[in-house]
Amino acid sequence: MSNKTVNFRKTTKTEEEIVRREIEEQFGKKGLDSLQNRLLWMRDGKIKEICALRPNIAKIAKTISHNLYFAGIPIGSIKNDKFHLEIEGSALIRLKSKKVIHIKTDQFLYGKSIFTDNVLRFDEVFKKGDLIIIEGRNNIHYGVGETIISSEELQNSPSNTVIIKGSKNTPKDRGWYLRKGN
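Just so it is clear, the model here is predicted, and its values are computed rather than measured.

## What about the sheet that holds strand β8 (residues 119–122)?
Strand order in the open sheet formed by four strands is β8-β6-β9-β10, with mixed pairing between adjacent strands. Strand pairing shows two members of the sheet lacking a second neighbour, β8 and β10 (141–146), which therefore form its edges. Sheet twist, expressed as the mean angle between neighbouring strand axes with direction ignored, is 30°. Where strand β6 (residues 100–103) and strand β9 (residues 131–135) come together, three bridges link them in parallel fashion. What sits directly across from V100, in β9, is I133. Across the sheet, helix α3 (residues 87–94) is in contact with β6, β9 and β10; its angle to β10 comes to roughly 105°.

Here it is in structure tokens:
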């Protein structure tokens, strides 16, 4: 067993700005609204995980005298001074944003790519390189992905064109919990 201690703490102003800037860039002010009434905390380590806590939970977390391992909703991570939105963060943003693509396949849940043929519709236009929330049948939240083509290109692309590349090893889709999350 490791003697390493986990440092779970409130984010610094700089760390919070990194998170907020990325969310606003990708999802606008509405995306930022998803963090309303939430405080950002970080779990330090090889991966710097960002969690969103309600003020009453943060207040309790501050009073815990031994090392707190984790609290709140894990919304993403910071790597090389860039915030990477993950599954639960995109679920929070989904409540406020229309930057959503609806698909007819479950392949994304297995870390696989989404092809243009799998797209049923999208709620808002998007550009190449945008983060977009992915929903499956019955508007079930599947995760988040980065687009390889724009919504305009999607209309004229062959059915086998990848629109969002899958990711087996990063927490972008709900299937990650079964593949890697432990």
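## Quick look at the domain arrangement of the protein chain
Entries for the protein chain in the domain assignment read domain 1 (7–92) and domain 2 (98–179). Taken together, the contacts link nine residues of domain 1 with 14 residues of domain 2. At the boundary of domain 1 with domain 2, total buried surface from both sides reaches about 1,100 Å², with 59% on carbon and sulfur atoms. The largest share of the area that domain 1 buries against domain 2 comes from Q26, F27 and I87, three residues that together contribute 52% of it. Connecting domain 1 to domain 2 are one salt bridge. Across the pair R174 and E88 runs a salt bridge, and its minimum N-O distance is 2.8 Å. Counting across the domain 1 and domain 2 interface gives eight residue pairs in polar contact (both at pLDDT 80 or more).

## Here we look at the pattern of salt bridges
If you walk through the whole model with that rule in mind, you get twelve salt bridges. With its nearest N and O atoms 4.0 Å apart, the salt bridge here joins K10 to E16. Relative accessible area serves as the criterion here: at 36%, K10 is assigned to the partly exposed category. Look at the salt bridges and you will find they share partners, linking R9, E15 and D44 into a network.

## Re a nonpolar patch on the surface
Taken together, the side chains of I57, I60 and I64 make up a nonpolar region of the molecular surface, amounting to roughly 230 Å² of accessible area. In this fold, I64 is placed in the loop between α2 (55–63) and β4 (73–79). The exposure class of I64 is partly exposed, given its relative accessible area of 31%.

## Overview of the sheet that holds strand β2 (residues 39–43)
What the five strands build is an open sheet, ordered β1-β2-β3-β4-β5; its pairing is antiparallel. Single-partner strands in this sheet number two, and they are β1 (8–10) and β5 (82–85). Strand-to-strand, the axes of this sheet are offset by a mean angle of 35°, without reference to chain direction. Pairing of strand β3 (residues 48–53) with β4, which is carried by five bridges, proceeds in the antiparallel orientation.

## Some thoughts on the environment of F70
On the secondary structure map, F70 appears in the loop between α2 and β4. Given the relative accessible area of 32%, F70 is considered partly exposed. Sequence separation between F70 and N169 is 99 residues; the distance between their C-alpha atoms is 21 Å. Residues in contact with F70, not counting those within four places in the same chain, are F8, R43 and C51.

## Observations concerning the nonpolar core
Counting 20 residues, the largest nonpolar core has V19, I50, I75 and F83 as its most contacted members. Only α1 (13–33), β2, β3, β4, β5, α3 and β9 provide two or more residues apiece to this core. Ranked by residue count, the leading element in this core is α1, at five residues. Built from parts of two domains, this core gets at least three residues from each of domain 1 (7–92) and domain 2 (98–179). Non-local contacts of F83, meaning those with residues more than four positions away in its chain, are made with I18, V19, E22, I23, I50, I75, G76, S77 and I78.

Parameters and conventions
Along each chain, numbering runs from 1 in the same order as the chain's sequence is written. In keeping with the model being predicted, local features are shown solely for residues with a pLDDT of at least 70 and side-chain atom pairs are shown and tallied solely at 80 or more, while totals for entire chains, interfaces and linings include all residues. Hydrogens and waters are ignored; side-chain quantities use all the structure's heavy atoms. Two strands pair if DSSP finds at least two bridges between them. In this text, helices come from DSSP runs of H or I with a minimum length of four residues, and strands from runs of E with a minimum of two, each type numbered from the N-terminal end. For helices, the fitted axis covers only the stretch in contact; all axes are lines through C-alpha atoms, and the angles between them, taken along N-to-C directions, range from 0 to 180 degrees. Every residue pair with non-hydrogen atoms within 4.5 Å of one another is taken to be in contact. For every domain, the bounds stem from an assignment made automatically or drawn from a database. Note: buried area is the sum, over both parts, of the accessible area (probe 1.4 Å) each one loses when the two are combined. Only one rule defines a salt bridge in this text: a Lys or Arg side-chain nitrogen within 4 Å of an Asp or Glu carboxyl oxygen. Pairs of N or O atoms within 3.5 Å make up the polar contacts considered here, provided that, within protein, one atom can donate a hydrogen while the other can accept it, and that residues adjacent in sequence are counted only when both atoms are side-chain atoms. Only protein chains enter the calculation, and the probe is 1.4 Å; a residue is then buried if its accessible area is under 20% of its type maximum, exposed if over 50%, and partly exposed in between. Distance thresholds for patches are 9 Å for like charges and 5 Å for nonpolar side chains (Val, Leu, Ile, Met, Phe, Trp, Tyr), applied to residues having over 30% relative accessible area and no salt bridge. Note on areas: Shrake-Rupley, 1.4 Å probe, and residue coverage restricted to the protein chains presented here. Definition of nonpolar core: a set of buried residues of the types Ala, Val, Leu, Ile, Met, Phe, Trp, Tyr and Cys, connected through side-chain atoms within 4.5 Å.

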